[in-house]
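Here are the chains, one letter per residue:
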Amino acid sequence: MNFLRRFQSLDNQLKAVLATVVISVVWLVYAVTTIQPGDAEILANQPQQIAIAQVPPSQMRPSDSRASIQSSVIVPTVPLSASPTVQPVPPQVSRPVRSQPIRSQPAPPASSQPPTSPPAVPAYQPRELVAFADPTNYGERVLKDVYGRSAAHAPIVVLHETVSSANSTISFFQTPHPRDEDQASYHALITQDGTIVYLVSPDKRAFGAGNSVFNGPNGPEAVKTHPKFPPSVNNFAYHISLETPPDGRNNGNRHSGYTAAQYESLSWLVARAAVPESRITTHQAVDRSGSRKDPRSFNQQTFLTLLRAYTRPALTVPTPRS
């Protein structure tokens, strides 16, 4: 009661300041107890003005001209003038693969070989922007884990959704976060109108999936890069997120889904990553906490149909559970 009387005696401006402090402390306690480090879509929820970088988007694409994503460590090949200083990481020597003999077969008569033309590649060209994440929200790809063991893994693509708006997500990534627990990012984000926003250079380690493992054909794959946190796929992952529609900015199991432009841009971007479909996965599939559902309401068939138009092999992508 004595505290209440003192509080009521304060002027309105001081009351507002105290209320703000209390709310901030409550939110911080909630964040520390519920958020996993590196989970981008849960941390990105603070709407602010975003900064668009004047950098050619072509320098940020995961393509042969920008980075070798087919190597065991993603390595820059072209310097990015407007980004933070890039420390090139030497590529790892690929492990030898036992080749299988190919049996020669007689060629059929020339008359039975009708002339063929290569399949037409879609002429789609998305709008592209560059909005650099703050350097505290991403790191270097490492050659060895915290125990000194090799961290060489073939790259994967991890699909996410933002859960919040694109602007809110980007502004959070552009905000400095000195605490490891608050750091998060994607490499690229695709807005509802299909615009691709590049946030982290492909040769860097985006913090998109904090506690995660990729279950590949050779067994579980993850790299422990921080002594305090669990292993994750971040060291060999390229993280792409789809902007969530307004009716999905909650913790529900489903929403109205993604736009046709988002699927077009996603397939266009993934095709340039040169990663086989067997190594395209979702945040839900790699998450070890059992709490991640994204990307919810994802139409796998729509995505694969568009992706295979870029002459991709017919394999499978994990389907998010309802």
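Residues numbered from 1 in each chain as written. Predicted model: local features only at pLDDT ≥ 70, side-chain atom pairs only at ≥ 80, totals over all residues. Heavy atoms only, no water.

Draft legend 1. The packing of aromatic side chains, seen in detail. Counted under the stated rule, the structure contains six aromatic pairs. Judged by centre distance (6.4 Å) and plane angle (70°), the rings of phenylalanine 172 and phenylalanine 173 are edge-to-face. Judged by centre distance (5.6 Å) and plane angle (45°), the rings of tyrosine 263 and phenylalanine 298 are tilted. A residue pair is termed long-range when its members are at least 10 positions apart, and tyrosine 263 in helix H5 (residues 260-272) and phenylalanine 298 in the loop between helix H6 (283-286) and helix H7 (300-308) qualify at 35 residues. The residues tyrosine 263 and phenylalanine 298 share a single accessibility class, namely buried. (Phe/Tyr/Trp six-rings, centres within 6.5 Å; stacked < 30°, edge-to-face > 60°. Helix = DSSP H or I, 4+ residues; strand = E, 2+ residues; numbered from the N terminus. Buried < 20%, exposed > 50% of the residue type's maximum accessible area, 1.4 Å probe, protein only.)

Draft legend 2. Spotlight on the sheet that holds strand S3 (residues 128-130). Reading across from one edge, S3-S7-S6-S11-S5-S12 is the order of the six strands in this open sheet, with mixed pairing throughout. If you trace the sheet from one side to the other, it starts and ends with S3 and strand S12 (280-282), each paired once. Within the sheet, the average angular offset between the axes of one strand and its neighbour, ignoring direction, is 25°. Examined bridge by bridge, S3 and strand S7 (residues 196-198) share three bridges and lie parallel to one another. If you follow leucine 129 over to S7, its bridge partner there is valine 197. (Pairing = 2+ DSSP bridges. Axes fitted to C-alpha atoms, helices over the stretch in contact; angles between N-to-C directions.)

Draft legend 3. Representation of the pairing of strand S11 (residues 237-242) in the model. With six of six residues buried, S11 is to be regarded as a mostly interior element. Going residue by residue along S11, you find Ala237, His239 and Ser241 tucked away on one face and Tyr238, Ile240 and Leu242 tucked away on the opposite face as well. Where strand S5 (residues 156-161) meets S11, six bridges bridge the pair, whose relative direction is parallel. Paired with valine 158 across the strands is histidine 239, a residue of S11.

Draft legend 4. Local environment of the side chain of aspartate 294. Assignment of secondary structure puts aspartate 294 in the loop between H6 and H7. The side chain of aspartate 294 is buried and forms no salt bridge, while arginine 292, the nearest opposite charge, is found at 5.8 Å. (Lys, Arg positive; Asp, Glu negative; His and termini not counted. Salt bridge = Lys/Arg side-chain N within 4 Å of Asp/Glu carboxyl O.)

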